[in-house]
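Chain by chain, the residues:
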There are 2 protein chains.
Amino acid sequence: MNKLCVLIASMLMANFAVNAQEAIMPEASRIVSPKLSPTGEATFNLYAPGAREVLLVGNVTRHETAVDSAGNMQKVPFVKMAGNNGLWTATLSSLEPDLYTYKFVVDGVETNDPNNVFMVRDVKSVSNMVLVPGDGSREYMVSDVPHGTVSDVWYTTSFDNAQRRMRVYTPAGYEMSGKSYPVLYLLHGMGGDEYAWSELGRAVQILDNLIASGRAEPMVVVMPNGNMARHATPGADGLGFEQPEFNLPHTMDGVFETHFPEIVEYVDGHFRTKRDKDSRAIAGLSMGGMHSLYTSAIYPDLFGYVGLFSAAVRPHAAEVADIYKDRKGSVGSQFAKGVKQYYIAIGEDDFLYEENKDFRAELDSLGLPYVYKESKFGHEWTNWRRYLVDFLPRLFK
Amino acid sequence: MNKLCVLIASMLMANFAVNAQEAIMPEASRIVSPKLSPTGEATFNLYAPGAREVLLVGNVTRHETAVDSAGNMQKVPFVKMAGNNGLWTATLSSLEPDLYTYKFVVDGVETNDPNNVFMVRDVKSVSNMVLVPGDGSREYMVSDVPHGTVSDVWYTTSFDNAQRRMRVYTPAGYEMSGKSYPVLYLLHGMGGDEYAWSELGRAVQILDNLIASGRAEPMVVVMPNGNMARHATPGADGLGFEQPEFNLPHTMDGVFETHFPEIVEYVDGHFRTKRDKDSRAIAGLSMGGMHSLYTSAIYPDLFGYVGLFSAAVRPHAAEVADIYKDRKGSVGSQFAKGVKQYYIAIGEDDFLYEENKDFRAELDSLGLPYVYKESKFGHEWTNWRRYLVDFLPRLFK
């Protein structure tokens, strides 16, 4: 049966884009990359007989190499295998359990690893992913626990009268329970979209695992798209297959925050939600942290919990929208109306570290209480996933 | 504001995987690939100063080049631009409106186009996508029409007592209408998964567009995973980031078909569905066509509509499962119980053409009526998307 299946498979593949490696060297199809050892070594392999230089880039090299003066990760060179068989290899030792991203650079051309189908887009660039299993990444794995449902739904905003897409996680059992659930609004960073938290953030797996083990309350999690200039992730809105841009209008001009109640209204109208302030949380990373800060501040009756993950806490645009102008006053009023928990987390190498320090000093000067977590590393998903794992158990208790 | 945003953007990107092209040549970040002209020309561009040969492969070359003796697409060579600036370019003329896939081969190494973030996995391989707009691809675009919801839901099968994932499309207005809807079960091919129809098949856009224009009835569409050895698309099941295999067990051994009523039961239990036979359809491509044929035959009271798109109509395994043994008899009994429409479509170059011809002769010999559509091309998504557009308006009228 095996042989016949292979035959069918070959036939089915015949008219599909020819796999160049297979055409040149059948053995190439058996290349495994990356190959993980039980001790955390990761070996990357590439068949590239004509190449003169192959480099490995991405945060997977974090433990191996220093960051250069521009803040970029160093490149790890591959070595050409002996025997002139066209194989190149690079081995990283002692990778801590985590989800990493990487790319190859072959003779100066950035490429993806052709032997690893796991790729993810972040902003304007697609990288390969590798998950190193272990304690630090256990919550990112799909476990044999009841799984929640994830839905792509569209709501209409009065901003441009357009439909906008968001992802909504409902916990396992939601469909049949008849119960109402608290809601976390979980926001992405600049250049991200409604898929960022579920894909790079592994939020769905984290939620399934934490809820199943009783560490987090069953909750609805809403992941909207915070770039008002796009209606959905690239390829899923009316712009067709136009390449994504980083520098979009209406990302940090107050429009998203001002229109946020429309999202809450849609969610409360279409899902079984608890609608009191202490059953609502808002959290986000980077730009999404800024959105969380100001949305919760200008609507102080909406959210009992606020999470700022590596947040851009002060306006970065030259023309500052009204809602950003009196942070001290609006956050002060927000606390006066009651906040169950205000959570701030940032990495020691984050370029937003100083402005977060200033913000904490401001809260301190007002005597406003918050939880503060400082971690290793900079402005990256390693931290945001860990912050989410730390933040979820604090909600709705 | 623009300048400041760029500054923030740069900072936000700083610790992310360095973009090798940008490091070498800032202008590379402005490369557009592919670039489409209004007349259907597509120009592919790559910055590759060290390369000796760059080739374009994929069905995007379909109109340019012949298929070689092995059935593979020919490769279209890039030319190195004058001026020694490291740029390579290849232009295809007169691309018919369609959704195409492609890759590059640089000095023998298969790569993706680093300037096009639109990628899609098909079986074991990731390709770039390009959508050429026009009449033939209009239904694949996101239009300004009411959008349905797409959900990833998990049901439990008695086969291995595991949770299995499927995608479920509910039409615009489903949440608030209170109405019940007919259901189409839409099945993928060997090596595909529950994401195949929504990603490569653009089924969500096709449904939104056809329903909005009144050409198709509002319906629920269920896209299960037909590879019983996997519980979800790679990366979303318990196997973690294990690379997908083509040759899986339990794809065509009757297990999927036999357990199909569990899917119907879950859907009818969790969605507002019409539950009579004439409000249920089943259709699939390739292996999914085989699944549709035999599932509808062994459960003749379940489906009023059957669609076989480039179907593998006869068993291809050495050990033939019982349900495949008497096709003539079981399909005969199915028709005796009533079929609203039996739809068969295949391309003239499809390697399954002959066995479909034999199957049609068998139906003819029994005097059983069916609709038959023959198209250009072979065993590929261009056809399956078109068959779906042709099939949907036939349902539930």
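Residues numbered from 1 in each chain as written. Chains lettered and ligands numbered in written order. Predicted model: local features only at pLDDT ≥ 70, side-chain atom pairs only at ≥ 80, totals over all residues. Heavy atoms only, no water.

**Describing unusual backbone geometry**
All names here are of chain A.
Right, on to step 1. Cis rather than trans, the peptide bond between serine 33 and proline 34 has omega equal to -5°.
Right, on to step 2. With respect to the helices, strands and loops of the structure, proline 34 is situated in the loop between helix 2 (20–24) and strand 1 (35–36).
Right, on to step 3. If you check the backbone angles, serine 286 has positive phi at about 55° while not being a glycine.
Right, on to step 4. Locating serine 286 in the fold gives a position in the loop between strand 15 (280–285) and helix 8 (287–298).
Right, on to step 5. Look at serine 286 and you get buried, because its relative accessible area is 3%. (Helix = DSSP H or I, 4+ residues; strand = E, 2+ residues; numbered from the N terminus. Buried < 20%, exposed > 50% of the residue type's maximum accessible area, 1.4 Å probe, protein only.)

**Things to note about the packing of aromatic side chains**
Right, on to step 1. For the coordinates displayed, the defined rule picks out 45 aromatic pairs over all chains.
Right, on to step 2. Plain terms: the ring middles of B:Trp197 and B:Phe309 are 6.1 Å apart, the flat faces sit at 75° to each other, and that makes the pair edge-to-face. Separated by 112 residues along the polypeptide, B:Trp197 in helix 4 (residues 196–199) and B:Phe309 in strand 16 (residues 305–309) bring together distant segments of the chain.
Right, on to step 3. For the ring pair B:Phe309 and B:Phe391, a centre distance of 5.5 Å and an interplane angle of 85° mean the geometry is edge-to-face. Of the two residues, B:Phe309 sits in strand 16 while B:Phe391 sits in helix 11 (residues 381–391), which places them 82 residues apart along the sequence.
Right, on to step 4. B:Phe309 sits in the buried class, given a relative accessible area of 0%.
Right, on to step 5. Of the aromatic side chains, those joined through ring pairs into one cluster are A:Trp197, A:Phe309, A:Tyr343, A:Trp381, A:Trp384, A:Tyr387 and A:Phe391.
Right, on to step 6. If you follow B:Arg360 out to its NZ or CZ, it ends over the ring of B:Tyr372, 3.7 Å from the centre. (Phe/Tyr/Trp six-rings, centres within 6.5 Å; stacked < 30°, edge-to-face > 60°. Lys NZ or Arg CZ within 6 Å of the ring centre and 35° of its normal.)

**Digging into the packing of helix 5 (residues 203–212) of chain B against helix 11 of chain B**
Packed helix pairs are specified by the crossing angle of their axes together with the interaxial distance, meaning the distance between the axes.
All names here are of chain B.
Right, on to step 1. Running from amino to carboxyl end, helix 5 crosses helix 11 at an angle of 25°, the nearest separation of the two axes being 11 Å. Considered as vectors, helix 5 and helix 11 are oriented roughly parallel to each other. Every pair of crossing elements has a handedness; the one defined by helix 5 and helix 11 is right-handed. Residue-level contacts link Ala203, Ile206 and Leu210 of helix 5 to Arg385, Leu388 and Val389 of helix 11. (Axes fitted to C-alpha atoms, helices over the stretch in contact; angles between N-to-C directions. Parallel < 35°, antiparallel > 145°, perpendicular 65-115°, else oblique. Left-handed = near helix turned anticlockwise from the far one by under 90°. Contact = heavy atoms within 4.5 Å.)

**Re the pattern of salt bridges**
Residues and elements named next belong to chain B.
Right, on to step 1. For the structure shown, the criterion picks out 46 salt bridges over all chains.
Right, on to step 2. As a salt-bridge pair, arginine 138 and aspartate 135 come within 2.3 Å of each other at their nearest N and O atoms.
Right, on to step 3. Accessibility expressed as a relative area gives 65% for aspartate 135, which makes it exposed.
Right, on to step 4. We note a salt bridge from aspartate 322 to lysine 325, for which the minimum N-O separation is 3.0 Å. A single burial state applies to aspartate 322 and to lysine 325, both of which are exposed. (Salt bridge = Lys/Arg side-chain N within 4 Å of Asp/Glu carboxyl O.)

**Some thoughts on the nonpolar core**
Soluble globular proteins tend to pack their nonpolar side chains together in the buried interior.
Right, on to step 1. With 84 residues, the main nonpolar core has A:Leu184 and B:Leu184 as its most contacted residues.
Right, on to step 2. In this view, A:Leu184 contacts A:Met219, A:Val220, A:Val221, A:Val222, A:Ala281, A:Ile282, A:Ala283, A:Leu388, A:Phe391, A:Leu392, A:Leu395 and A:Phe396; residues no more than four positions away in its chain are not counted.
Right, on to step 3. Counting residues in each nonpolar core, the second largest holds 51 residues, with A:Met287, A:Met290, A:Ala312 and A:Tyr342 among its members. (Core = buried A, V, L, I, M, F, W, Y, C linked by side-chain atoms within 4.5 Å.)

**Brief notes about the sheet that holds strand 2 (residues 42–47) of chain A**
Right, on to step 1. Spatially, 4 strands are ordered 1-2-6-5 (chain A) in an open sheet, and the strand pairing comes out antiparallel. The open sheet has two edge strands with one neighbour each: strand 1 and strand 5 (79–80) of chain A. (Pairing = 2+ DSSP bridges.)

**Side note on the pairing of strand 3 (residues 54–57) of chain B**
Residues and elements named next belong to chain B.
Right, on to step 1. Residues Val54 and Leu56 point to one face of strand 3 and Leu55 and Val57 to the other, with burial holding for every one of them.
Right, on to step 2. The pairing of strand 3 with strand 4 (residues 76–77) spans 2 bridges and is classified as antiparallel. Within the sheet, the bridge partner assigned to leucine 56 lies in strand 4 and is valine 76.

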